[in-house]
Amino acid sequence: MPGPSVPSFSSLRARSYLSRLPLFTRAVIVAIVVFWLVDLQPVWNVREWGALIPDKFGITTMYRLNTFPFIHLNFFHAILNILALTPLLERFEHEHGTLTSVALFFGPLTTLPAFLYLLFEALLRMNTAVMGASIWIFLLLGVEAIRTYRTNPYLTIATHNIPTWTTPLIMALCVAALIPSSSLLGHLCALAVGYIFGLGYLKFLAPPEKALRWVEGKLNLLGRLPHYVSVDQKTYGRFGVLPSSNSGGSTGAFNLRRDPRILKLPPYLSLLCVVVGVTWLLLLPLDSYSRRTYISENALLPGQVHTYFGGSDQNVFRAYKHEVNSLVDKSNVEINDKLESIFSGVGLKVGRQNFTYHSAGAEYSGENIYAILQAPRGDATEAIVLVGAWRNARGELNRNGVALVLTLARYFRRWSLWSKDIVFLVTPDSAAGPQAWVDAYHDAHDAAGGVASLPIKSGALQGAIAVDYAQEGRFQSVHVVYDGVNGQLPNLDLINSVVSIAGGQMGMGVALQEMWDHNDQYPDRLRTMLRGMLKQGLGLASGAHSSFIPYHVDAITLQPFGDGWQDEMAMGRVVEGTFRSLNNLLEHLHQSFFFYLLMQRERFVSIGTYLPSAMLVAANFTIMAIALWVKSGQPEGEDAKKQENGDKTKANEKSSLTRERHLFLPLGVVTLCQALGVLPLYLFNHIPASMLTPAFAIFAVANALLPHILSSLLTTYHHPTIQQYQITKSFSLLLLGMFLSSLATLNFSLALLVGLLASPLSLMRPWPARPAARRACTALLNAVAPTAVIALSGAALGSSGAGGVAELLREAAFGWDVAGVYTPVVVWCVWWPAWLCGSVVVLGRPEPAAEGKAKTA
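What you see is a predicted model, and the numbers here were worked out from it, not measured in a lab.

### Details of the packing of aromatic side chains
Geometrically, a pair of aromatic rings is defined through the distance of the ring centres and the angle of the planes.
Working step 1: In total, this model carries 38 aromatic pairs according to the counting rule given.
Working step 2: Ring centres 6.1 Å apart and planes at 70 degrees place the aromatic pair Phe24 and Phe106 in the edge-to-face group. Of this pair, Phe24 sits in helix H2 (residues 23-39) while Phe106 sits in the loop between helix H6 (98-105) and helix H7 (108-124); the two residues are 82 residues apart in sequence, bridging distant segments of the chain.
Working step 3: Since its relative accessible area comes to 5%, Phe24 is described here as buried.

Printed below as a string of structure tokens:
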């Protein structure tokens with residue numbers, strides 16, 4: 001049985017195109033690459049020497065008018081400009097000749113846009129340096145737009161006619177919006193000159209053809225220079241007649257669109273998307289792609305007030321710590337009885353709340369206690385929360401944290417400057433307790449399910465600070481934990497305020513993502529960013545603050561660490577300074593970023609910079625899905641061979657025909673795989689925790705056998721054709737790409753992690769005649785299966801002392817049942833069905849087209 005035809009890249013076509021590039025185009029590409037390589041050395045600053053900088057332009061530096069298009073900011077700037085410029089410049093040189101192109105591009109087509117740019121910069125009193133070949137790209141786009149406008153004046157969208165000459169202008173605006181470092185003014189100047197040249201008003205600036213022919217004849221350029229294009233554009237140096245770009249007219253374009261060799265490109269585009277996406281991510285820690293943090297909300301004024309917490313308050317703290325130590329072996333109710341008496345003695349209103357949750361066969365119950373300090377200058381419409389969990393996320397007794405909350409309650413009660421109510425919350429743990437309290441505060445709790453309502457409330461919550469102070473003795477720095485449920489993050493201004501107060505005012509260090517020693521170099525930045533992405537991708541609660549963030553309450557947890565000279569009074573002053581800043585707010589934090597990746601306490605990247613990484617990875621699935629859909633409608637067998645062998649007479653007859661697609665079986669397979677995802681989702685969220693490890697082991701074995709069983713059943717009873725396998729894979733990848741593209745805007749890290757782990761699915765195909773290749777692909781898919789990834793993650797957690805697979809699944813079940821974490825849905829209902837479909841396709845044994853039609857009929 002002959003093997004199916006699969007997309008494979010034809011290097012002959014690419015080599016043919018590159019070999020036909022004319023001389024000037026080649027020289028420009030080489031010059032751009034050379035200048036980029038020279039710019040890598042640290043001795044000579046090429047950008048400073050050759051960029052078009054208005055303040056440095058003069059008689060002795062007029063060379064900048066011709067050097068700035070060859071100089072670029074970085075590798076991506078250079079490679080993108082080369083890819084965009086090559087087809088435009090090649091066409092221009094083929095139409096006008098090499099000598100004319102050299103004269104124009106080292107003359108008016110470069111100097112005129114440059115002079116226009118310098119003129120506008122002088123009028124605007126600005127000094128923005130520009131560099132890069134994008135000036136030539138937009139100039140040539142302007143020429144092409146005028147040419148298109150003469151033959152096709154309007155582009156009709158719905159009932160609106162849009163002039164085609166505006167397309168480069170729209171493109172310039174889009175580039176300016178998407179790429180902050182681009183120069184909109186420079187691009188507009190280039191477009192203006194391109195429009196004028198396209199209209200023919202600058203033709204007089206081109207050298208006379210007679211003079212150019214005389215130079216060609218005297219110097220014998222056609223005989224000496226390879227790839228040289230003559231002035232009359234009919235001969236090609238050392239290669240004879242120029243290949244015509246217009247031969248065949250519209251028929252040639254139609255045949256190119258129908259050419260089956262076009263479908264050999266998508267696998268490489270798909271792989272390129274993944275490679276560029278990963279490379280994009282690895283570039284983010286560099287200074288060129290990240291930004292320094294700053295305070296967007298000016299009303300916060302962090303570190304601008306003098307904090308008074310200290311002195312006699314230390315004795316109060318020691319007294320409260322003694323009370324806390326006496327409650328260590330008491331029950332939750334006895335602890336809260338004592339805390340209630342303390343809060344009431346300070347003069348605060350006290351409330352208590354019982355809660356009970358059930359997850360993975362276990363019961364999570366307890367009682368929260370909280371006290372409200374009514375603002376002397378407020379009207380009880382806004383509040384700030386100070387949380388001290390009795391046990392932190394690691395299960396350690398938070399002695400100093402609870403004592404500090406009690407001390408601050410007494411201290412804050414003495415001040416009359418508060419314009420917002422302050423809520424002091426003590427919970428028995430750092431997960432279920434805060435979740436129950438914040439749910440009930442927003443009336444989103446299940447009263448019938450075991451979560452009681454709150455007896456007293458205050459106003460809308462503006463922020464929350466959780467204190468995790470289980471360490472005994474003095475500390476060196478403070479660790480800021482900011483990851484929320486489902487990867488949601490607090491407003492960046494809150495973190496920046498704590499960094500400003502702790503690092504600037506208090507003189508203590510600030511760490512993120514458990515990076516205790518950070519030297520602000522690339523490796524530490526990358527490690528911090530990847531740790532943050534991993535926690536964000538898991539979506540689990542990382543502290544008592546995590547439950548507040550889904551309700552748009554900006555919250556963080558502060559953890560002292562290290563061995564230094566800072567004491568509990570310094571920690572209290574950090575909390576006081578943060579609360580004083582939040583007290584200044586006139587409205588909810590909204591001006592700064594909610595989507596960001598932190599790589600150091602003063603360095604971050606925003607969503608506009610990092611989102612393309614995940615989008616490119618998700619796009620690779622969509623590209624392959626569309627390519628497979630198109631390929632499934634193309635002729636097979638003899639017709640395809642005739643097209644590949646150039647039998648145009650019969651191939652053209654078939655090229656306009658689309659093969660009928662049989663959709664019922666592919667839709668059934670994809671629907672079945674998607675429906676099966678409900679089984680592990682239900683299983684691992686409802687069985688007891690003691691059964692999670694054996695249940696997972698059984699499911700992992702069944703998961704390895706399931707694709708073989710489904711493939712065998714399909715082959716035995718339905719005899720799928722190669723077309724049906726293509727459509728199955730197309731539908732599966734289309735769903736995966738759609739889900740991940742949507743998910744990337746909500747949880748970038750989870751979308752990227754799943755996209756990278758599922759990326760081998762894009763290149764999978766049936767191997768009916770190659771058992772070794774089928775086994776290799778099956779082994780690869782089993783290595784990146786969701787079950788394998790979970791097992792490896794559990795082993796890594798077990799080696800670090802944080803539990804194994806059972807603990808990981810228990811945490812996921814708790815997050816699903818209590819906090820509403822949707823990571824299990826993504827794993828079992830998005831990633832796993834796509835993996836299952838891909839495995840079935842790899843194990844498939846497709847029937848020939850004719851037999852398949854007969855048997856399915």
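Past the structure itself, the notes keep going.
### Digging into the pattern of salt bridges
Working step 1: Tallied over the full model, the rule gives 26 salt bridges.
Working step 2: For the salt bridge of Lys338 with Glu323, the shortest nitrogen-to-oxygen distance reads 3.4 Å. Separated by 15 residues along the polypeptide, Lys338 in helix H16 (residues 332-346) and Glu323 in helix H15 (residues 313-325) bring together distant segments of the chain.
Working step 3: Taking relative accessible area as the criterion, Lys338 reaches 30% and is therefore assigned partly exposed.
Working step 4: The partly exposed category is assigned to Glu323, whose relative accessible area is 27%.
Working step 5: Overlapping salt bridges, with partners in common, bring together Arg91, Glu95, Glu144 and Arg147 in one network.

### Describing the pairing of strand S12 (residues 509-512)
Working step 1: Where strand S11 (residues 475-481) and S12 come together, 4 bridges link them in parallel fashion. Pairing of His479 across the sheet is with Ala511, part of S12.
Working step 2: Traced from S11 through helix H19 (residues 492-505) to S12, the parallel crossover comes out right-handed.

### Looking at the confidence of the model for the protein chain
Working step 1: Mean pLDDT for the protein chain: 86, with 90% of residues reaching 70 or above.
Working step 2: Confidence, read as mean pLDDT per element, is least for helix H34 (residues 849-856) in the protein chain (41) and greatest for strand S9 (residues 421-426) (97).
Working step 3: Predicted confidence for residues 1-9 stays below pLDDT 50, and this span has 22 contacts to residues more than four positions away or in other chains.
Working step 4: Considering only residues more than four positions removed or in separate chains, one finds that residues 850-857, a stretch of pLDDT under 50, has 11 contacts.

### Notes on the sheet that holds strand S8 (residues 382-387)
Working step 1: Read across the sheet, 8 strands follow the order S6-S7-S9-S8-S10-S13-S11-S12 without closing on themselves; strand pairing throughout is mixed. The sheet is open, and its two edges are formed by strand S6 (349-359) and S12, each paired on a single side. When the angles between neighbouring strand axes are averaged without regard to direction, this sheet yields 25 degrees.
Working step 2: Judged from the 5 bridges that link them, strand S7 (residues 362-373) and S9 form a sheet pairing that is antiparallel. Across the sheet, Ile369 pairs through a bridge with Val426, a residue of S9.

### Re the state of the cysteines
Working step 1: A complete count under the given rule lists 0 disulfides for this structure.
Working step 2: Between Cys273, a cysteine without a disulfide, and Cys174, which holds the nearest cysteine sulfur, the sulfur-to-sulfur distance is 19 Å.
Working step 3: For Cys837, which is in no disulfide, the shortest distance to another cysteine sulfur is to Cys673 and amounts to 3.5 Å.
Working step 4: On the accessibility criterion, Cys837 (2% relative accessible area) is buried.

### Quick look at the side chain of Ser759
Working step 1: In this structure, Ser759 sits in the loop between helix H29 (748-758) and helix H30 (771-783).
Working step 2: The class of Ser759 is buried, set by a relative accessible area of 16%.
Working step 3: Reaching out from Ser759, the side chain makes a polar contact with the backbone oxygen of Leu756 at a distance of 2.7 Å.
Working step 4: Dropping the residues within four chain positions of it, Ser759 is found in contact with Val274 and Phe621.

### Observations regarding the sheet that holds strand S14 (residues 596-600)
Working step 1: Judged by pairing direction, the sheet is antiparallel, and its 3 strands sit side by side in the order S5-S15-S14 without closing on themselves. The sheet terminates laterally at strand S5 (291-292) and S14, the two strands that pair on one side only.
Working step 2: When S5 meets strand S15 (residues 603-606), the two strands line up antiparallel, connected through 2 bridges. Bridging across to S15, Arg292 finds its partner in Arg603.

What counts as what
Residues numbered from 1 in each chain as written. Predicted model: local features only at pLDDT ≥ 70, side-chain atom pairs only at ≥ 80, totals over all residues. Heavy atoms only, no water. Phe/Tyr/Trp six-rings, centres within 6.5 Å; stacked < 30°, edge-to-face > 60°. Helix = DSSP H or I, 4+ residues; strand = E, 2+ residues; numbered from the N terminus. Buried < 20%, exposed > 50% of the residue type's maximum accessible area, 1.4 Å probe, protein only. Salt bridge = Lys/Arg side-chain N within 4 Å of Asp/Glu carboxyl O. Pairing = 2+ DSSP bridges. Right-handed = clockwise from strand over helix to strand, strands pointing away. pLDDT = per-residue confidence, 0-100. Contact = heavy atoms within 4.5 Å. Axes fitted to C-alpha atoms, helices over the stretch in contact; angles between N-to-C directions. Disulfide = S-S within 2.5 Å. Polar contact = N/O pair within 3.5 Å; in protein donor to acceptor, adjacent residues only side chain to side chain.

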